[in-house]
Amino acid sequence: MRKIIFLFLIPCFQYIYSQNINSNLDKITTIEEAEKFVNDNPELIPEIFNISPEIDTLVPVAFKTLKVGNVFNESGNTFKVLSVNKAIAYRVSYVYLDGSKLSIIKINKLRTEIIKQYKKGIKISELAKKYTMDTNVTGDLNWFLEGMMYVEFENTIKTHKLGEIYTVDILSKKWYYVVLKTHNEKEVTKIKMLKVKNNS
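Draft legend 1. Broad picture of the nonpolar core. By size, the foremost hydrophobic cluster in this structure holds 14 residues, and its most contacted members are Val-95, Leu-97, Ile-114, Tyr-131, Ile-165 and Val-178. Contributions of two or more residues to this core are made by strand E4 (92-98), helix H3 (104-119), helix H4 (124-131) and strand E7 (175-181). Beyond its immediate stretch of four places on either side in the chain, Leu-97 contacts Ile-107, Leu-110, Arg-111, Ile-114, Tyr-131, Met-133, Lys-174, Trp-175 and Tyr-176. If you look at the next biggest cluster of nonpolar residues, it comprises 12 residues, including Tyr-90, Tyr-94, Phe-153 and Val-168.

This is the structure we're talking about:
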């Protein structure tokens, strides 16, 4: 009998917990309040992040109609929509060279060779597979929103045209790149959300 009562109470507690989270998220009206909520409630594993339904292929279709203030449950999480704005999205491919493992002389020789091979007709994906020093062996960065990457990386992308290949240095991290601009930038919807993991 106790087991039956216990099994009955679990969904009740989950419902009360969910209603309490929804109520707390309903009270949040600004990004600053959301940031305070994140800092004050680490046990809820809260996170503020941006998505774009036009470029994030894993975003549920329902996200395309979200409005500021919406609170909803999806995949074991509760979400609060903080803002909906327009943003610029970029897409490039790259080869990454690690300055903590290679000298700048070696990096510059490699970058010259990579660009030379690309101009001879070798695809950037093949060059990435051969030379890149990270796990992205395709070289395709996929679409990303303005503000997601290091400023040096984004600023250089903005100065180049579709099809141009060029180098980018992020000196503070010792990261060196050969970058190919594979797509023109485009305007997309940026949805900023607060996510809270539901208690299971």
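Draft legend 2. Structural detail: unusual backbone geometry. In this structure, Ser-75 takes a positive phi of about 50° despite not being glycine. Along the chain, Ser-75 turns up in the loop between strand E2 (71-74) and strand E3 (77-90).

Draft legend 3. Molecular detail of the pattern of salt bridges. All chains considered together, the criterion is met by 6 salt bridges. Between Lys-36 and Asp-40 there is a salt bridge; the shortest N-O distance is 2.5 Å. With a gap of 4 residues between them, Lys-36 and Asp-40 both fall in helix H2 (residues 31-40), about one helical turn apart. Here Lys-36 falls in the exposed class, since its relative accessible area comes to 52%. Where Arg-91 meets Asp-140, a salt bridge forms, and the shortest distance between an N and an O atom there is 2.5 Å. Remark: Asp-140 occurs in the loop between H4 and strand E5 (144-145) and Arg-91 occurs in the loop between E3 and E4; sequence separation between them is 49 residues. Residue Arg-91 is classed as buried on the basis of its relative accessible area, which comes to 18%.

Each value, and the rule that gives it
Residues numbered from 1 in each chain as written. Predicted model: local features only at pLDDT ≥ 70, side-chain atom pairs only at ≥ 80, totals over all residues. Heavy atoms only, no water. Core = buried A, V, L, I, M, F, W, Y, C linked by side-chain atoms within 4.5 Å. Buried < 20%, exposed > 50% of the residue type's maximum accessible area, 1.4 Å probe, protein only. Helix = DSSP H or I, 4+ residues; strand = E, 2+ residues; numbered from the N terminus. Contact = heavy atoms within 4.5 Å. Salt bridge = Lys/Arg side-chain N within 4 Å of Asp/Glu carboxyl O.

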